Amino acid sequence: MMKQLHFSYILILFLLMTGQTLSAQFTAQGTIVDEEGITIIGASVLVKGSSSGTVTDFDGNFVVNIPTNKATLIISYTGYSTQQVPVSAAKPTVNIIITSSSQLLQEVVVTGYGETDLNTFSGAATKVSTDIVAPAARSNFAESLEGNVAGLQVSQGSGQPGAFQDVQIRGLGSINASSNPLYVIDGIPIFTGNVGDVSTTSSPLAGINPQDIEDIQVLKDASATSIYGSRGANGVIVITTKRGKAGKAKISANVQTGYSDVSLDDKLKPLTGNEYVELFTEGLVNRSDFTEAEAIARIEQSYDLEQNTDWFEEVTQRGRFTNANLSASGGSDDLRYFLSAGYQDNEGTILGSEFQRYSSRLNLGTDLSDLITINLNASASLTEQKTVPTGGTFANPVRAVFRLVPLLPIRNEDGSFDQSYNLGYNPVAEAELNKRQSNILNLLGTLSATVKIPFVDGLTFEPFLSYNSVQGTDEVFLPPTSGAGNPLGQGIADNDTQNNWLVRNSLKYKTRFNDAHGVDIILGMEAQEFTRINIEATAENFAFANLTTLNNGADPTFIGGERTANSLVGYFFNGNYNYKGLVYANGTYRRDGSSRFGSDNRYANFFSFGVGINLDRFDFLASSNVITQLRLRTSYGQNGNQAGIDDFASRGLYNTGNDYQGNPGTLLTQLENPTLSWEVNKPFNIGLDVGLFDRINMVVDVYSRRTSSLLFEQPISRTNGVEDINANIGELENRGVEFTLNTQNITSNTNGFTWSTSFNFTTNVNEVIALPDGDFADGQRFRRVGQPWNTWFLNGYDNVNPENGRPQWFVDGDKTEITETYNDSEPYEQGTSDPDFFGGMRNTIGFRGFSLTAQLNYRWGQKIYHRWHSFTHTDGSRGLGSTGNVARSVYDRRWQNPGDITDTPEFVVSRNFGGRNASTRFLYDGSYVSLRDVILDYTFASDLLRKVKFGSVRIFAQASNLYIYTKDDRLERDPRTDVSGIIDQEIPIPQTITFGLDATF
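Parameters and conventions
Residues numbered from 1 in each chain as written. Predicted model: local features only at pLDDT ≥ 70, side-chain atom pairs only at ≥ 80, totals over all residues. Heavy atoms only, no water. Helix = DSSP H or I, 4+ residues; strand = E, 2+ residues; numbered from the N terminus. Rg over C-alpha atoms; globule rule 2.2 N^0.38 Å. Buried < 20%, exposed > 50% of the residue type's maximum accessible area, 1.4 Å probe, protein only. Contact = heavy atoms within 4.5 Å. Pairing = 2+ DSSP bridges. Axes fitted to C-alpha atoms, helices over the stretch in contact; angles between N-to-C directions. Salt bridge = Lys/Arg side-chain N within 4 Å of Asp/Glu carboxyl O. Patch = residues over 30% accessible without salt bridge, like charges linked within 9 Å, V, L, I, M, F, W, Y side chains within 5 Å. Areas by Shrake-Rupley, 256 points an atom, 1.4 Å probe, with all protein chains shown as cover. Lys, Arg positive; Asp, Glu negative; His and termini not counted. Charge placed at Lys NZ, Arg CZ, Asp CG, Glu CD. Core = buried A, V, L, I, M, F, W, Y, C linked by side-chain atoms within 4.5 Å. pLDDT = per-residue confidence, 0-100. Parallel < 35°, antiparallel > 145°, perpendicular 65-115°, else oblique. Left-handed = near helix turned anticlockwise from the far one by under 90°. Nonpolar A, V, L, I, M, F, W, Y, C, P; charged D, E, K, R; others polar. Expected span 1.5 Å × (residues − 1).

Peer 1: Hey, could you go over the overall build of the protein chain for me, with residue numbers and the actual values?
Peer 2: A tally of regular secondary structure across the protein chain gives 13 helices and 52 strands. Against the compact-globule benchmark of 30 Å for 1001 residues, the protein chain has a radius of gyration of 33 Å, which places it among compact chains. Projected onto the principal axes, the alpha-carbon positions of the protein chain cover approximately 135 × 70 × 70 Å. For the protein chain, buried positions account for 53% of its 1001 residues. Sequence-distant contacts in the protein chain: of pairs separated by 6 or more residues, those separated by 24 or more amount to 69%.

So, in structure tokens, the structure goes:
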């Protein structure tokens, strides 16, 4: 009996416990909308502390099972602040309003074909804040990308305002085709190269007003770029311009003004007149056939020793910078608008260099009905760029700074320009008399629509039409009174018109099912055509210097022109799947056909596949306050490159104009290759995203990209009529690691002290995998399998023999034997112009409306070559000619007495001991750290502004290129070069200081 009683008690207790447990389980449900009451489709609903969760359906509804009698729901959706909402068995139904977050909008990846939630994106992409780009005192927004994107290099070789910027993403992607990324503006792949045949620095990108930019995305790997197929091999930079939002009209104004000077001007100062006389007197005495008095007398035969011209001061100037922008945005629920106008005037630091931009934009969006939305984007910009010649041309003013003797006068006694030296090219006269101007009119327009298909939830049809016209005009006039125009004067007119139209139709389908699965699909087709028309003419013998058009020239000397075109058609598919936001997969397939390639290979297939997992959303991390994000992702694919290839590279071509005795003639110039096709790029990426304490975010990517079927001109027998044929041969590979760290070091909720840091680091190794005809020397380069493509190949310089002051070289790469005879030494590999690593760091400190930002950029380990130092470091061998001046370092470091340890030989006039020959004497370590930007600003308190009906007011001061540390103290200029690593007497990069005001009404 007692045992039965105990059993009954136990049974009753068990039933009570079971009943309590069962009563604790309930179903929570609700609806999620935004601030305007619009339902949110696909929002993530996760039960805190567990892996249970779901996503909202097309009506914004959700249902989720709760294992206990109460719980907290974590609500998240891209672009909106994450919320935690309590639910219980007593209150299982909740209606949730989520609010947008400007900070979280950065979690959307824009590919140009649509938007993807970063939390379910397997690719590698970086968003660049418009706070970095918009206020910068620069003419080309691409300059501001430097140091702000891991894996991206901007090689700024010239300080010419508005100049084209060499941009590479994850290394050198091609040898003979282009390695620049594809630029996409509001969905349009655009032309970005040099416009015209006269100017070498003009770029349509300089026509983009940074104040109009809403978003910049840098796409790097296969998952991010393969939807662009044959154009995505070198990465994609996607630019989205601003759009209006429903609400009260918002007026924004921006004004900025300042000045610029040559950076590192202390290193660029040439010799004074007295220093020149001292040095060349010594050089004549060192010949052993002059006394000091005779040497001075010899110099005086050629020059006025009282003359002292500072060519640096005469050729450079303090540039001015002015930027003004005005925009209006707003609208109703049915019609939204953004309208802007901008002006920039950027005068360079060298006489004759200047850039002006006039820009305007109109973006409209309208809802014709609940089913149809129309978007219209239109922009127009006009840039006017005044340029100067570069390189070794006599008219290059930068060349004059270092080459002209300081004892030369600028003007004659009657005030006219002295043109008795430098073949008549007086640099001040060239700048004042000559006209070299490049104008670019850039018109861009898109018309697109989103049509919701009735009766099929989540299905939309999106037609897209765009047109881009780039009209470039180069005007050159060289009067007979200038050295370049002597004796008759010359005029050049070059008109270059490039048109680009694109039509795209796509179907997009988005669905959620079983409260767990999300699928997004894009299926589409597009066609694009580029056309180019170029006409150039020249004339001579102008009667008047102020009548510069060609019809004023008595002797037409040349007229030429060409018309060319290429077209592209593509069919594409992109699919994304995610399970409760925990695991996800992305896949892309595209088939492209291009008119540029041979009939046997006109079409090619491109693809990508990526997977990822959000480990932080699993049970073991979901409630962690330490690890707030942990995402692992990887991708692989294949895309292509056809940029930089001639439109008819695969065709057999004959050129006309090979006339014979007055009769027209043609000549075979290119053999047909019907198998010519794309360069193929196969990128692999594995990435890790980590968030700690909601204050630290880290991104690590390890990648490789192998480019095969490289385009080369393959040598063939001249019995074919030509000496080479275009072919797909050769392979390159780039491997690297990218690291990005963003931290909120100190935060404040009371407008107190704050401090944030952004840091990125990249290392990339380039390697030649295969070459068409084996290893070969290529000027100062050596192309070898297993080595970087940009490997230097020079004789090894071993400084100066301390006993006699003669230059000496290593005999070969073993460096065991030294010679004083240059021809007895052999060139060998000397490193590469590619850096070992590069990146940037940005710190922002704020306190009660004040903010101080400092941007550091660095590039380390690259070797750069100064091709003109063989003319400015001649050790006196070029004699007493008017262009025989030498660099200050020759004066400062020359050998003078036995026992002197130096790298600069004894100075001997008109005697050549080989020191000026190509060698590592002129190869420098280009490692540097630059203080790229410093910005101090103050934002006025909102309660004060409301009294005067302002939305916001910000005043700021900004300095660019304030300081640069150069590792190699032998280098006499800024170490930043273009992508070649060669210094070519370009306009120095300026140091700029500006002051500005931003205001909204």
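Peer 1: Residues and numbers for the sheet that holds strand 5 (residues 70-76), please.
Peer 2: Within a beta sheet, neighbouring strands are joined by backbone hydrogen bonds and run either parallel or antiparallel to one another. Spatial strand order, 3-2-5-6: four strands in an open sheet with antiparallel pairing. Since the sheet does not close on itself, it has two edges, and those belong to strand 3 (53-55) and strand 6 (83-88), each with one partner. For this sheet, the mean inter-axis angle between neighbouring strands, taken without regard to orientation, is 25°. Judged from the four bridges that link them, strand 2 (residues 44-47) and strand 5 form a sheet pairing that is antiparallel.

Peer 1: I'd love a proper account of the pairing of strand 16 (residues 236-241), names of residues and values included.
Peer 2: Within strand 16, six of the six residues are buried, which leaves it mostly tucked inside the rest of the structure. Burial of the side chains of strand 16 extends over both faces: V236, V238 and T240 are buried on one face and I237, I239 and T241 on the other. The sheet contact formed by strand 15 (residues 213-219) and strand 16 spans six bridges and is antiparallel. Each residue of the ladder has a partner; that of I216, found in strand 16, is I239.

Peer 1: An account of the pattern of salt bridges is needed here, citing residue identities and associated values.
Peer 2: All told, the structure shown has 51 salt bridges when counted by the stated rule. The partner of K127 in a salt bridge is D215, and the shortest N-O contact between them spans 2.9 Å. Of the two residues, K127 sits in strand 10 (residues 125-128) while D215 sits in strand 15, which places them 88 residues apart along the sequence. For the salt bridge of E354 with R320, the shortest nitrogen-to-oxygen distance reads 3.2 Å. Residue E354 is found in strand 20 (residues 354-367), and its partner R320 is found in strand 18 (residues 319-331); the two are separated by 34 residues along the sequence. You can call E354 buried: its relative accessible area is 13%. A relative accessible area of 37% means that R320 is categorised as partly exposed. Shared partners join several salt bridges into a network, and the residues in it are R231, R504, E526, R590 and D592.

Peer 1: Report on a negative patch on the surface, specifying residues and quantitative values.
Peer 2: A surface patch of negative charge is lined by E35, E36, D333, D334 and D370. When you line up the elements, D334 lands in the loop between strand 18 and strand 19 (335-347).

Peer 1: Before we move on, could you go through the nonpolar core and cite the residues and values that matter?
Peer 2: The nonpolar side chains of a soluble globular protein tend to be buried with one another. One finds Y276, F280, I299 and L407 to be the most contacted residues of the largest nonpolar core, which totals 27 residues. Going through the elements one at a time, helix 5 (273-285), helix 6 (292-302), helix 9 (427-433) and helix 12 (888-893) are the ones with two or more residues in this core. Counting residues per element, this core draws most heavily on helix 5, at five residues. Once you skip the residues sitting within four places of it in the chain, Y276 turns out to touch L271, I299, Y303, V405, P406, L407, L880 and N885. Listed in part, the 24 residues of the second largest apolar core include V133, A142, I188 and I213.

Peer 1: Before we move on, can you summarise the confidence of the model for the protein chain with the specific residues and values?
Peer 2: The predicted coordinates ought not to be read in detail in places where the model reports low pLDDT. For the protein chain, per-residue confidence averages 90 on the pLDDT scale, and 96% of positions sit at 70 or higher. This stretch, residues 1-24, has a pLDDT under 50; its non-local contacts, to residues over four places away or in other chains, come to four contacts. Confidence drops under a pLDDT of 50 for residues 102-106, and excluding neighbours within four residues, the segment shows seven contacts in the predicted structure.

Peer 1: Residues and numbers for the sheet that holds strand 47 (residues 863-866), please.
Peer 2: Read across the sheet, three strands follow the order 48-47-51 without closing on themselves; strand pairing throughout is mixed. On the outer flanks of this sheet lie strand 48 (923-925) and strand 51 (982-983), each paired with one strand and no other.

Peer 1: How would you sum up the pairing of strand 24 (residues 490-513)? Please name residues and give values.
Peer 2: Where strand 23 (residues 459-478) meets strand 24, 20 bridges bridge the pair, whose relative direction is antiparallel. If you follow S469 over to strand 24, its bridge partner there is N499. In this sheet, strand 25 (residues 517-542) lies alongside strand 24 in antiparallel orientation, the contact comprising 24 bridges. The partner of D494 across the bridge, within strand 25, is E536. Here strand 24 hands over to strand 25 after three residues, with N514 in that stretch at a positive phi of 55°.

Peer 1: Before we move on, can you summarise the packing of helix 5 against helix 6 with the specific residues and values?
Peer 2: Helices that pack against each other are described as a pair by the angle of their axes relative to one another and the distance between those axes. Relative orientation of the contacting elements helix 5 and helix 6 amounts to 120°, with a least axis distance of 9 Å. Here helix 5 is positioned oblique relative to helix 6, judged by the angle of their axes. When you trace helix 5 past helix 6, the crossing you get is right-handed. From helix 5, Y276, V277, F280, T281, L284 and V285 reach across to helix 6, where they touch E292, A295, I296, R298 and I299. Of the residues assigned to the contact of helix 5 with helix 6, the class counts are eight nonpolar, one polar and two charged.

Peer 1: Kindly report on helix 5, identifying the contributing residues and their values.
Peer 2: Here helix 5 is 13 residues long and its end C-alpha atoms lie 18 Å apart, about the 18 Å a rise of 1.5 Å per residue gives. In terms of residue burial, helix 5 counts as a mostly covered element, since 10 of its 13 residues are buried. Regarding helix 5, the residues found buried are G273, E275, Y276, V277, L279, F280, T281, E282, G283 and L284.

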